[in-house]
Amino acid sequence: MKVFNLIPLALCLSVSAYGVAAPNALTIDDIMHFETLQQPVISDNGKVIAVEAKPDRGDSRALVRFNDNSKHYQIDRGSNVKVSADGRFVLATLQAPLFERETEKSDDLPHSIMLLATDTGSQQQFDNVDTAVFSHDGGYLLVKHKPEDKKAESDESAKNEPVKESKDKKQDDDKEVDKADLGTQVTLVKLDTNQQLTLDNVSQFAFDKAGGLLAVLQNDSQEALHQLTLVKLDSLSPETLFTSESEQLEALAISDDGHFVALTKGDASVARYGREHSLLVLDINTSKQQLFTGNNAWRYNQHSSLQFSKDSQRLFVGRVPSVAQQAELAQYKQAEDVFNPEIITASKQLRVWHGEDPKIKPQEVKEYAKELKRTYLAVLHLNSNKILQLADQAVPDVTYGEQADYLLASSDVPYQKMITWAGFYRDVYLVNLNTGNKQQILVQQPSDAMPTLSPNAKFLAYYQQGSVYLRDISSGRTVNLTQNISTPFADEDHDYPSAAPGYGFGPWLADDSGITFYDKYDMWQFNTTSHKGFMLTSGEGRKQKIQFRVVGLAQQNRLPATISQGQKVILQGYSHTTKADAFYAATVGQSAVKRVTDSDSKLTLLARATEADTVVFSKQRYDLYPDLYSADVNSVQTATQLTTLDAQRNDFAWGNAELVHWHDGDGVKMDGVLIKPSNYQEGKAYPTMVYFYRFMSDRLHAFPDMKLNHRPNFAWYADNGYAIFLPDIRFEVGYPGISSVKALTAGVQKLIEMGVTDPDAVGIQGHSWGGYQSAYAVTQTNIFKAIVTGAPVSNMTSAYSGIRHGSGLARQFQYETGQSRIGGSLFDAPQKYIENSPVFYADRIQTPMMIMFGDKDDAVPWEQGVELYLAMRRAGKDVVFLQYQDEPHHLKKYPNKLDYSIKMKQYFDHYLKGEPAPQWLKQGEAYQEYKKVD
């Protein structure tokens, strides 16, 4: 174990600025080794924070910190950290060294975890681990081991042991058990004493939240033994509660108070796919058992999930309309069968696309596995043993909540066909938990504008057509809360051919007495009875152009956070003027906001303890790494710095970022970010890389992503003499291409006028939607001297009726209502599809172009790249096409990410800096096959 001291930030910066040694040039190797902090994890009591420091390529390490910085630990090669609720222990997965991960099969690698005791720093390793979890109170650790190779083990045992029979099931000895029915060994550790209990053949386990019990299902079909075992944690003593010789025990749940256990079970001799289950609920205190079997309408299967409500009054269970075995194709069984048309055609490979299909076939295929696992939520009221079906095939989706009377339900069934071209909609219902009845509330509501239900299900709030509505559930009365307010509540920056969405809801008051929601800048609070409201942020948001959003609320798993009248809350304020963040204090019920931090940086609140006021946040700028800080939620201005990864910059020169303003071709004020080269000299013009997508100016204070991927690495380019420009783009519906051109060309001209940019050395790079815009831009202007376009749509007329292979969805909605912003079908506006398609203007292009696509792109058909390449090739243009094999929309394989990064840099260096062209760019690369390695 390594213990290391934190370096104060001021010292880090002074070493960087005034160190004697000349800074090194940033290299690809440096980027590979540069560590990025992953999402931190905090103990429930707020005392201990753990985080993985992950390099772009290499071995991670887990960093463990006390929130007062009194203790620091490190777990070498640690990843996927977990912290016990009391903070006394930290768990991390131990990665094999990179060389082993690259040269050995995954199954041959060690699968180990490390347990760190935070009071002493001692570490304990567990091997052959599949998963490991802490109990809810943090006092126990359960380690589930990977299954052993039972065949090899039994073959060895057969050589040394006499043959013996076990029960009647031995007559079915040769039957192979489904892998999903097999259990494995688990080790339960009492962390205070390190006492351990080992249980075999465990397939499911669950801790109660009270901290006293562990329930496990043990299944061993070979020994005809299936049992529910309850372990009393304080004594590590197991007790068998239920046993069956013939029934596989499947799903498991235990109530938070340890009063009830529920499981599903089915005939183990029946194939798992079509095995019907029943539901068994056991009262632990009385030993009473209640069995629920399926009926003609609803049954239980292998995917039936179980979850108790937190008050242990209800059990939610998934059910299905029917259970059946998987269909099988007809087989040739006798000679004449080979001439039987029905048997012959049974082996056809055909998918029938019907015009009235709710979903097009690729979408249906993509969702098939998910649909096989779909269950429909039902609720069992434990006091009455009454079970009610809540969801059904017409209204399949019920949102889980702890409300005792109503839950929200929704259905996209009526709109599954029109999704293809119109986007995503749902009908919204209230479902009564005590009767199962559904009441339709909203029709054809946008799927990204779902209502919010109050904590006690007395009210429902939703946004629609620029207004916020509140519905009293008991009376059915709906009130427009914002009808007399002049402030707009629709997205003021919406530039899509669809209705503008709202800005979303904040938390409810826990007693249902109030609801909060947002406009572009301010936070509002409304009383649910009087319907009177006020700006909790006192209008300072719009006045100062600061966007306020509440952050740092304690949140229970799966449940939305709530607030109370008089509660002090922290708001994150984002300035649309300076693009910087600050934290503000506010009090629920009062119209006032007070700034509590000063920071010319980007702030991100990352974690909040559930049972303490401790929060963890990061602070970053282009020239400041986003290290972690901890603080009390009510005094974030006195934060403690926990990590010092900013020291990674000490050996390098580092550029800085500044905000640039200009007006586009229509006179609209635009913002963008200029990152100057590391050793910028006033008055010198530099080659400039333009990278963009939509709004980019909010990245002014973002630390550069220190990875190799589908984007240029800003720090690498800046350290190699490039300026980087990140301009905002604002679109006009119907003219997405020319909108971006107007913003880009005016922005680049601004940099040229500033003397920063060499007008003969401007490159442009974009990916996906940015790839489209960049490809279109060079058909309209010669201001760019080189372009690298990744995964661009080049022909909207063909892309319109293409398929998004990742989801199976058609692309039509994207053009008619979404990102591509045409605003009509190909039949309604054919000329707009042509006018906005680069391929039709390939003969105009004077800019050398490099196109990149993965040929398994799951978002944009990679043939779009082929169309653009062939058009430019036919027109005799300077073009090269990089086809990365078996890659999706964003490159995943590290060799490909590295290769693309190198080639992109070589490409721009050649065309913008005059460096010699590499061989692949001079004459391409011939196709070649390599010797296969066994």
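- The name an unreviewed UniProt entry gives the protein chain is Periplasmic peptidase family S9, with Shewanella saliphila as the organism.

**Some words on the overall build of the protein chain**
Okay, step 1: The secondary structure content of the protein chain amounts to 18 helices and 55 strands.
Okay, step 2: Over its C-alpha trace the protein chain gives a radius of gyration of 31 Å, about what one expects of a compact globule, namely 30 Å for 934 residues.
Okay, step 3: Seen through its principal axes, the protein chain has C-alpha atoms that stretch 90 × 80 × 65 Å.
Okay, step 4: Considering the protein chain as a whole, with its 934 residues, one finds that 52% of them fall into the buried category.
Okay, step 5: A separation of at least 24 residues holds for 56% of the contacts in the protein chain among residues at least 6 apart in sequence.
Okay, step 6: Side-chain charges of the protein chain comprise 95 positive and 116 negative groups, with the mean position of each set lying 4 Å from the other.

**Things to note about the environment of Gln-556**
Okay, step 1: Relative to the helices and strands, Gln-556 resides in the loop between β37 (546–551) and β38 (562–563).
Okay, step 2: When the C-alpha atoms of Gln-556 and Val-338 are compared, they prove to be 62 Å apart, with 218 residues separating the residues in sequence.
Okay, step 3: Not counting chain neighbours up to four residues away, the residues in contact with Gln-556 comprise Lys-209 and Thr-610.

**Comments concerning the nonpolar core**
Okay, step 1: With 107 residues, the main nonpolar core has Val-690, Phe-784, Met-850, Tyr-900 and Phe-908 as its most contacted residues.
Okay, step 2: Sort the elements by how many residues they give to this core and helix α11 (residues 736–754) lands first, with seven residues.
Okay, step 3: With residues near it in sequence (within four places) discarded, Phe-908 still touches Met-689, Tyr-717, Tyr-722, Gly-763, Ile-764, Gln-765, Ala-786, Ile-787, Val-788 and Lys-913.

**Details of the packing of α11 against helix α12 (residues 769–780)**
Okay, step 1: Remark: α11 packs on α12, axes separated minimally by 9 Å, with the N-to-C direction vectors making an angle of 75°. In terms of orientation, α11 and α12 fall into the roughly perpendicular class. Facing α11, whose interface residues are Pro-736, Gly-737, Ile-738, Ser-740, Val-741 and Leu-744, α12 presents Trp-769, Tyr-772, Gln-773, Tyr-776, Ala-777 and Gln-780.
Okay, step 2: Partitioned by chemical class, the residues of the contact of α11 with α12 number eight nonpolar, four polar and no charged.

**Here we look at the pattern of salt bridges**
Okay, step 1: The final tally for this structure, using the stated rule, is 37 salt bridges.
Okay, step 2: Here Glu-371 and Arg-374 are joined by a salt bridge, their closest N and O atoms 3.0 Å apart.
Okay, step 3: Notably, a salt bridge pairs Glu-658 with Lys-676, separated by 3.0 Å at the nearest N-O pair. Taken as a pair, Glu-658 in strand β46 (residues 657–663) and Lys-676 in the loop between β47 (669–675) and β48 (686–691) lie far apart in primary sequence, 18 residues in all.
Okay, step 4: Connected through salt bridges with shared partners, the residues Asp-181, Glu-250, Arg-272 and Arg-275 form a single ionic network.

**A word on the environment of Leu-279**
Okay, step 1: By secondary structure assignment, the location of Leu-279 is in strand β19 (residues 277–283).
Okay, step 2: With relative accessibility at 0%, the residue Leu-279 sits in the buried group.
Okay, step 3: Sequence separation of Leu-279 and Gly-683 is 404 residues, and the distance between their C-alpha atoms is 77 Å.
Okay, step 4: The residues touching Leu-279, leaving out its near neighbours within four places in the chain, are Ala-262, Leu-263, Thr-264, Gln-290, Leu-291, Phe-292, Tyr-300, Leu-306, Leu-315 and Leu-380.

**What about the confidence of the model for the protein chain?**
Okay, step 1: Of the residues in the protein chain, 95% have a pLDDT of 70 or more, and the chain-wide mean is 94.
Okay, step 2: A low-confidence stretch, residues 1–20 (pLDDT under 50), is modelled with 37 contacts involving residues beyond four sequence positions or located in other chains.
Okay, step 3: Here residues 163–172 scores under 50 on pLDDT; set against residues more than four positions off or in separate chains, the count is twelve contacts.

**What about the sheet that holds strand β9 (residues 123–126)?**
Okay, step 1: Ordered in space as β6-β7-β8-β9, the four strands form an open sheet in which the pairing is antiparallel. Of all strands in the sheet, those bounded by a partner on one side alone are β6 (78–83) and β9. Across the sheet, the mean angle from the axis of one strand to that of its neighbour is 25°, orientation sign disregarded.
Okay, step 2: Sheet topology note: the β6/strand β7 (residues 89–94) ladder contains four bridges and is antiparallel. Of the residues in β7, the one forming a bridge with Val-83 is Val-90.

**Let's talk about the sheet that holds strand β10 (residues 129–134)**
Okay, step 1: With antiparallel pairing, the seven strands of this open sheet are ordered in space as β10-β11-β12-β13-β14-β15-β16. Every interior strand has two partners, whereas the edge strands, β10 and β16 (237–244), have only one. Averaged over all pairs of adjacent strands, the angle between strand axes in this sheet comes to 35°, irrespective of strand direction.
Okay, step 2: As judged from the seven bridges shared by strand β15 (residues 225–232) and β16, these two strands associate in the antiparallel manner. Bridging from a neighbouring strand, Gln-227 pairs with Thr-243 of β16.

**As for the environment of Lys-568**
Okay, step 1: Within the secondary structure layout, Lys-568 lies in strand β39 (residues 568–575).
Okay, step 2: Between the C-alpha atom of Lys-568 and that of Phe-292, which follows or precedes it by 276 residues, the distance is 47 Å.
Okay, step 3: In contact with Lys-568, not counting residues within four places along its chain, are Ala-586, Thr-587 and Asn-634.

**Let's talk about α11**
Okay, step 1: In a regular helix each residue adds 1.5 Å, so 19 residues correspond to 27 Å; α11 covers 28 Å between its end C-alpha atoms and thus fits that length.
Okay, step 2: Looking one or two places after α11, you find Gly-755, whose phi comes out positive at around 85°.

**What about the side chain of Arg-426?**
Okay, step 1: Here Arg-426 is to be found in strand β27 (residues 425–432).
Okay, step 2: Here the side chain of Arg-426 touches Asp-397 through a polar contact of 2.9 Å, side chain to side chain.
Okay, step 3: In terms of polar contacts, Arg-426 uses its side chain to reach the side chain of Ser-410, at 3.1 Å.
Okay, step 4: Apart from the residues lying within four places of it in its own chain, the contact partners of Arg-426 are Asp-397, Ser-410, Ser-411, Asp-412, Tyr-415, Leu-442, Val-443, Gln-444, Gln-445, Ser-447 and Met-450.

**Structural notes on the packing of aromatic side chains**
Okay, step 1: Per the counting criterion, the structure on display carries 37 aromatic pairs.
Okay, step 2: Aromatic side chains Tyr-800 and Phe-827 sit 6.4 Å apart centroid to centroid with 90° between the ring planes, which places their arrangement in the edge-to-face category. Pair noted here: Tyr-800 is in the loop between α13 (796–799) and β52 (803–804) and Phe-827 is in the loop between α14 (812–816) and α15 (830–835), with a separation of 27 residues, a long-range link.
Okay, step 3: Through a chain of ring-to-ring contacts, the aromatic side chains of Phe-34, Tyr-622, Tyr-625, Trp-654 and Phe-703 assemble into a single cluster.
Okay, step 4: Taking NZ or CZ as reference, Arg-821 lies 3.9 Å from the ring centre of Tyr-496, over its face.
Okay, step 5: Taking the ring centre of Trp-920 as reference, the NZ or CZ of Lys-903 above it sits at 5.4 Å.

**Let's talk about helix α17 (residues 894–913)**
Okay, step 1: In a regular helix each residue adds 1.5 Å, so 20 residues correspond to 28 Å; α17 covers 27 Å between its end C-alpha atoms and thus fits that length.
Okay, step 2: Every buried residue of α17 is listed here: Tyr-894, Asn-896, Lys-897, Tyr-900, Ser-901, Lys-903, Met-904, Lys-905, Tyr-907, Phe-908, Asp-909 and Leu-912.
Okay, step 3: Just downstream of α17, Gly-914 is the residue with a positive phi angle, here 75°.

**Side note on unusual backbone geometry**
Okay, step 1: Its identity is not glycine, yet Asn-128 carries a phi of approximately 55°, on the positive side.
Okay, step 2: Looking at the secondary structure, you find Asn-128 in the loop between β9 and β10.

**Looking at the side chain of Thr-528**
Okay, step 1: Its place among the elements puts Thr-528 in the loop between β35 (523–527) and β36 (533–535).
Okay, step 2: Residue classification places Thr-528 among the buried positions, given a relative accessible area of 3%.
Okay, step 3: Side-chain polar atoms of Thr-528 contact the backbone oxygen of Asp-512, separated by 2.7 Å.
Okay, step 4: Not counting residues within four places of it along the chain, the set of residues in contact with Thr-528 comprises Phe-459, Leu-470, Trp-508, Asp-512, Ser-513, Gly-514 and Ile-515.

**Focus on the pairing of strand β8 (residues 112–117)**
Okay, step 1: Judged by how many residues are buried, β8 sits mostly within the fold: six of six residues are covered.
Okay, step 2: Strand direction decides the pairing type here: β7 and β8, joined by six bridges, are antiparallel. In the strand pairing of β8, Val-90 is matched with Leu-116.
Okay, step 3: Pairing analysis gives four bridges linking β8 to β9, with the strands arranged antiparallel. Each bridged residue has a counterpart across the sheet, and for Ile-113 the counterpart in β9 is Phe-126.
Okay, step 4: As consecutive antiparallel partners, β8 and β9 are separated by five residues, and within that stretch Gly-121 has a phi angle of approximately 85°, a positive value.

**Topic: the UniProt feature "domain: Peptidase S9 prolyl oligopeptidase catalytic" (unreviewed entry) in the protein chain**
Okay, step 1: In the numbering adopted here, UniProt assigns the feature "domain: Peptidase S9 prolyl oligopeptidase catalytic" (unreviewed entry) to residues 738–914.
Okay, step 2: Annotated as residues 738–914, this span is 43% helix and 18% strand, and its ends, taken at the C-alpha atoms, are 30 Å apart.

**Here we look at a nonpolar patch on the surface**
Okay, step 1: Together, Tyr-332, Val-338, Phe-339 and Ile-344 line one region of the surface with nonpolar side chains, adding up to about 430 Å² of accessible area.
Okay, step 2: Positionally, Phe-339 belongs in the loop between β22 (314–319) and α5 (341–345).
Okay, step 3: Given the relative accessible area of 70%, Phe-339 is considered exposed.

Rules used throughout
Residues numbered from 1 in each chain as written. Predicted model: local features only at pLDDT ≥ 70, side-chain atom pairs only at ≥ 80, totals over all residues. Heavy atoms only, no water. Helix = DSSP H or I, 4+ residues; strand = E, 2+ residues; numbered from the N terminus. Rg over C-alpha atoms; globule rule 2.2 N^0.38 Å. Buried < 20%, exposed > 50% of the residue type's maximum accessible area, 1.4 Å probe, protein only. Contact = heavy atoms within 4.5 Å. Lys, Arg positive; Asp, Glu negative; His and termini not counted. Charge placed at Lys NZ, Arg CZ, Asp CG, Glu CD. Core = buried A, V, L, I, M, F, W, Y, C linked by side-chain atoms within 4.5 Å. Axes fitted to C-alpha atoms, helices over the stretch in contact; angles between N-to-C directions. Parallel < 35°, antiparallel > 145°, perpendicular 65-115°, else oblique. Nonpolar A, V, L, I, M, F, W, Y, C, P; charged D, E, K, R; others polar. Salt bridge = Lys/Arg side-chain N within 4 Å of Asp/Glu carboxyl O. pLDDT = per-residue confidence, 0-100. Pairing = 2+ DSSP bridges. Expected span 1.5 Å × (residues − 1). Polar contact = N/O pair within 3.5 Å; in protein donor to acceptor, adjacent residues only side chain to side chain. Phe/Tyr/Trp six-rings, centres within 6.5 Å; stacked < 30°, edge-to-face > 60°. Lys NZ or Arg CZ within 6 Å of the ring centre and 35° of its normal. UniProt positions renumbered as here; feature names shortened; annotations may be inferred. Patch = residues over 30% accessible without salt bridge, like charges linked within 9 Å, V, L, I, M, F, W, Y side chains within 5 Å. Areas by Shrake-Rupley, 256 points an atom, 1.4 Å probe, with all protein chains shown as cover.

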